[in-house]
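Architecture at a glance
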Amino acid sequence: MAGWDVTVAVADPQDVRPIQILGATTVDLEAALSSPIGPMPESIAVSVNLYESDSRIREGMLDALDSGLTRIAVWGDALPSDLDRKFDSIQHRLSVAARAFKSHALAAAAAPADSPGTTETFRSSGASSVRDLASVG
């Protein structure tokens, strides 16, 4: 696997440097939501806060779950009850390089100076597929 092509839809595209440090492309969230339907991405990652606060995101995510063609990952403190049975908790071990890039991205975002941990926890609708992924390095 050569890598992922990641696009991040952002509500406020003023400072996208932290996302660029991680190697992702950014698009405006409103433009992405109002554009005609294109090909369905292989994976979607959404914060629980955005899922709960934006009905367009919620409806799109539920449609993607129903299709079964798109893996969905969510992160946040409490998973909404309508998603609870559809998602498994996953821990992903970060490589040394991933932790270095994440440290620089967090610094660019003026986030707290704690160094990234060795694992990240999220919830996924395609847990078996995600477990097959491994960090290298």
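Residues numbered from 1 in each chain as written. Predicted model: local features only at pLDDT ≥ 70, side-chain atom pairs only at ≥ 80, totals over all residues. Heavy atoms only, no water.

What follows covers the overall build of the protein chain. Per the secondary structure count, the protein chain includes 6 helices and 6 strands. When the helices and strands of the protein chain are listed from N to C terminus, the series reads β-α-β-α-β-α-α-β-β-α-β-α. Counting over 137 residues, the protein chain shows a buried share of 26%. When contacts within the protein chain are restricted to residue pairs at least 6 apart in sequence, those whose partners lie at least 24 apart make up 64%. (Helix = DSSP H or I, 4+ residues; strand = E, 2+ residues; numbered from the N terminus. Buried < 20%, exposed > 50% of the residue type's maximum accessible area, 1.4 Å probe, protein only. Contact = heavy atoms within 4.5 Å.)

Moving on to the pattern of salt bridges. Applying the stated criterion to the full structure yields 4 salt bridges. For Glu-42, the salt bridge goes to Arg-71, with nearest N and O atoms at 3.3 Å. In this pair, Glu-42 is assigned in the loop between helix H2 (29-34) and strand E3 (43-47) and Arg-71 in strand E4 (residues 71-75), connecting sequence segments 29 residues apart. Classification of Glu-42 by relative accessible area gives exposed; the value is 59%. A residue is classified by how much of its surface remains accessible, and Arg-71, at 18% relative accessible area, is buried. Here Lys-102 makes a salt bridge to Glu-120, at a shortest N to O gap of 2.5 Å. With Lys-102 in helix H5 (residues 96-108) and Glu-120 in strand E6 (residues 119-124), this residue pair connects regions lying 18 residues apart in the sequence. With relative accessibility at 29%, the residue Glu-120 sits in the partly exposed group. One salt-bridge network, held together by shared partners, links Glu-30, Asp-54 and Arg-56. (Salt bridge = Lys/Arg side-chain N within 4 Å of Asp/Glu carboxyl O.)

Another aspect to go through is H5. Taking 1.5 Å per residue as the helical rise, H5 with its 13 residues ought to reach 18 Å, and the 19 Å between its terminal C-alpha atoms agrees with that figure. Of the residues flanking the end of H5, it is Ala-110, one or two places downstream, whose phi is positive at about 55°. (Expected span 1.5 Å × (residues − 1).)

What follows concerns the environment of Ala-32. Mapped onto the elements of the fold, Ala-32 is located in helix H2. Distance from Ala-32 to Val-8, taken between C-alpha atoms, is 9.9 Å for residues 24 residues apart in sequence.

With that out of the way, let us pick up the pairing of E6. As paired strands, E4 and E6 are joined by 2 bridges and run antiparallel to one another. Across the sheet, residue Ala-73 finds its bridge partner in E6, namely Ser-124. Here 6 bridges tie strand E5 (residues 88-93) to E6, and the two strands are oriented antiparallel to one another. Looking at E6, one finds that Gln-91 is bridged to Thr-121. (Pairing = 2+ DSSP bridges.)

Within the largest apolar cluster, 13 residues are counted, with the highest numbers of intra-cluster contacts made by Met-61, Ile-72, Val-74, Leu-79, Leu-83 and Phe-87. For this core, the elements supplying multiple residues, two or more each, are helix H3 (48-53), helix H4 (55-67) and E4. Tallying contributions element by element places H4 first for this core, with 4 residues. Those residues in contact with Leu-83 that lie beyond four places of it in its chain are Tyr-51, Met-61, Leu-62 and Leu-65. (Core = buried A, V, L, I, M, F, W, Y, C linked by side-chain atoms within 4.5 Å.)

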